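A closer look at the structure
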Amino acid sequence: MLSFTVSAPGKIILHGEHAVVYGKPALATSLNLRTTIHLSGNDGSIFILCLPSIDINKAWEVTDLELLYSTIQEGNGSIPSSPDTATLSRLRQFTDAEDGNAKDLAIIVFLYLHSQIIGSRGSLAALRVVVGSDLPVGAGLGSSAAYSVSLAAVLLVLAGQIRQIPNSWTREELGLVNSWAFEAERIIHGNPSGVDNAVSTYGGLILYRKGEALKPARGNSLQVVIVNSHVPRSTKRLVEKVKERLDKYPEIIRPMLESMEALVVKALDTMQGFENSDANVCYDILEELIDINQSQLNVLGVGHLSLEHICLLCQQNDFHCKLTGAGGGGCAFVLIRPDASKEKVKTLIKSIEEAGYMSWLTSIGGSGVTLHESMPLSS
Ligand code: MEV
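Now for a quick tour of the structure. (Residues numbered from 1 in each chain as written. Predicted model: local features only at pLDDT ≥ 70, side-chain atom pairs only at ≥ 80, totals over all residues. Heavy atoms only, no water.)

Regarding the overall build of the chain
- Looking only at helices and strands, one finds eleven helices and twelve strands in the chain.
- By its C-alpha atoms, the chain is 60 × 45 × 40 Å across when sized along the principal axes.
- Per-residue burial for the chain yields a buried fraction of 56% across its 379 residues.
- When contacts within the chain are restricted to residue pairs at least 6 apart in sequence, long-range pairs at least 24 apart make up 76% of them.
- For the chain, the distance from the average site of its 31 positive side-chain charges to the average site of its 39 negative ones is 2 Å. (Helix = DSSP H or I, 4+ residues; strand = E, 2+ residues; numbered from the N terminus. Buried < 20%, exposed > 50% of the residue type's maximum accessible area, 1.4 Å probe, protein only. Contact = heavy atoms within 4.5 Å. Lys, Arg positive; Asp, Glu negative; His and termini not counted. Charge placed at Lys NZ, Arg CZ, Asp CG, Glu CD.)

Remarks on the packing of aromatic side chains
- Summed over all chains, the structure comprises five aromatic pairs.
- Aromatic pair Trp-60 and Phe-94: ring centres 6.3 Å apart, planes at 40°, arrangement tilted. Of this pair, Trp-60 sits in strand β4 (residues 56-61) while Phe-94 sits in helix α2 (residues 85-95), and the two are 34 residues apart along the sequence.
- In this structure Trp-60 comes out as buried when scored by relative accessible area, which is 9%.
- Put simply, the rings of Phe-47, Trp-60, Phe-94 and Phe-110 pair up and form one aromatic cluster.
- One Lys or Arg, Lys-344, reaches over the ring of Phe-319 and ends 4.9 Å from the middle of that ring. (Phe/Tyr/Trp six-rings, centres within 6.5 Å; stacked < 30°, edge-to-face > 60°. Lys NZ or Arg CZ within 6 Å of the ring centre and 35° of its normal.)

Overview of helix α11 (residues 342-354)
- For α11, spanning 13 residues, the distance from its first C-alpha to its last is 18 Å, which sits close to the expected 18 Å at 1.5 Å a residue.
- Taken as a whole, α11 has its buried residues at Val-345, Leu-348, Ser-351 and Ile-352. With its buried residues spanning 130° around the axis, α11 presents them on a single face. Structural note: α11 exposes Lys-342, Glu-343, Lys-346, Lys-350 and Glu-354 on the side pointing more than 90 degrees away from its buried face.
- Here the buried face of α11 lies against β8 (223-228), α10 (305-316), β10 (331-336) and β11 (358-363).
- Downstream of α11 by one or two residues, Gly-356 has phi in the positive range, about 95°. (Expected span 1.5 Å × (residues − 1). Arc of directions from axis to C-beta.)

Structure (structure tokens):
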């Protein structure tokens, strides 16, 4: 019986979030936290979609899906495309979707990619699709991109558009996954830059600029503590907020975006210069850039009191921290210098957790979207 598993990583943006929406570069890296999708054939006529982490457990008659797909735009798995307005409203109607609801969006994205990649005309196979994830939802760690990327890959394997051979996907196959995932991200976030799905697809450290070929970046692997403020927020709304500020104060905000670009270039130079420079000097620079970038993001209007509080706790413990992703809550990361003693890191984590935040000590980097021979689901 048909059965396989695909996983894709979350991400942190080290520098360049929001500016990347305006064509500036962002420096981002994959995380060792992943979303995993297991697909298997299903005897009978029921199609099952489960995302236990956000409480989705759907069962549809295959014939109902066939009927739905016959009324929406016709898909072609090898040509990624956006949904037309009629298709989106038909999918919304089918799922009884409320605007901006994360659960509804996950189901709509599933139905859209399934209909377009597998084909929206003709008979469908009954399947069971189970999604597990280590990533907190809506926290800035790329949970929606990891979902979109692993879903696109699973469906493209099923459609025979990419090969079902572990560790063998070519740049072209990954490009197709990335492009479909970007379409899914557009449904979820409105006007994303594409950085999240690119990191999740290709993995590692990347320098991303909208519309340009992706540049894998060489750089020292860094240790970070990720801190979840537990303040929920919407990437779509925060991207709109920056746009409103830019439209209102173009002379003030545009130079800030230029300055963020210069900061990304400096951060990348520093990360690449470790081999030929004094590591202490490099870490001093990286810490200062973190502080500067956090202030820049506050100027764009995407800070939050909880993030300021987390930065203050870090400062009190002699660490440096900035928000990552869209901001407005969500997650921040703290740079851990290699010479920081275990005791000092423990004290930092204790003070963060005593203040009610959640944290993980992790190293960054790691593989992009991956097909597994057979792997148990993360819960
Ligand atoms: C979200 O992870 C990053 C933003 O820059 C939005 C985007 O790039 O699409 C805030």
